[in-house]
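These are the residues of each chain, in order.
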Amino acid sequence: MNGDIKAILISEEEIKKRVKELGEQLSREYEGKKVIMICLLKGASYFTCDLSRAMSIPVRMEYMVASSYGDSTDSSGSVAVRLDIKDNITGLHVLLVDDIIDTGLTFARVKNLLQLKNPASIRTVAMCDKKDRRLNGMEADYVGFTIPDEFVVGYGLDYAGDYRNLPFIGVLNPHVYARTK
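My aim in this report is to walk through the structure given alongside it, one point at a time. Since the model is a prediction, treat every value here as computed from it, not as a measurement. (Residues numbered from 1 in each chain as written. Predicted model: local features only at pLDDT ≥ 70, side-chain atom pairs only at ≥ 80, totals over all residues. Heavy atoms only, no water.)

## Some thoughts on the nonpolar core
Part 1 of the reasoning: Judged by nonpolar contacts, the single largest core of 28 residues is most densely connected at Ile15, Phe47, Leu51, Leu95, Met127, Cys128 and Ile169.
Part 2 of the reasoning: Counting residues per element, the ones that place at least two in this core are α1 (12–29), β2 (35–41), α2 (45–53), β5 (93–101), β6 (121–129), β7 (142–146) and β9 (169–172).
Part 3 of the reasoning: Per-element accounting of this core gives the leading share, four residues, to α1.
Part 4 of the reasoning: Judged by nonpolar contacts, the second largest core, of 20 residues, contains Ile36, Leu40, Ala66 and Ile101. (Core = buried A, V, L, I, M, F, W, Y, C linked by side-chain atoms within 4.5 Å. Buried < 20%, exposed > 50% of the residue type's maximum accessible area, 1.4 Å probe, protein only. Helix = DSSP H or I, 4+ residues; strand = E, 2+ residues; numbered from the N terminus.)

See below:
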């Protein structure tokens, strides 16, 4: 990465351990229920797949595309939903999964849209939580890691589409996004 990563914030081993813990917790809490995980693409794809494999109960999968960032390092404040789910979720227990909750705008907007589809319940799962950036009262029901207000990449998190494939979560060196501003 030639100096693009300033520091590793969460190691690959820490991620694996925490995903396993979350999978076990969700399996216990949702035992005997019809569960559908809705992955917010593209960022949550790695986390959602790993989390579903860490669960010991049957889980359906669906996907949505919603974003407030685009190619920027700051939220636009407006959430665009570009791909909605196809499955009927009436009566199902929804686990809405995202890579990160920071402003809270994406989770709040998507959760409100999903409520209109009459699920039995909706709970939110975020790999990372940047509490310092919250613009609303939204809190994730399940959180992998609480992180500082740094721009992070890896394990699905990206900057302008790059760095998603890193096996860890790292702090992006500011010189990377400074050259595109």
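Next, the rest of the story.
## Focus on the packing of α1 against α2
Part 1 of the reasoning: Contact geometry of α1 with α2 gives a least axis separation of 8 Å together with a crossing angle of 55 degrees. With respect to α2, the element α1 is oriented oblique. Of the two elements, α1 crosses α2, and the hand of that crossing is right-handed. Judged by residue contacts, Val19, Leu22, Gly23 and Leu26 of α1 engage Phe47, Asp50 and Leu51 from α2. (Axes fitted to C-alpha atoms, helices over the stretch in contact; angles between N-to-C directions. Parallel < 35°, antiparallel > 145°, perpendicular 65-115°, else oblique. Left-handed = near helix turned anticlockwise from the far one by under 90°. Contact = heavy atoms within 4.5 Å.)

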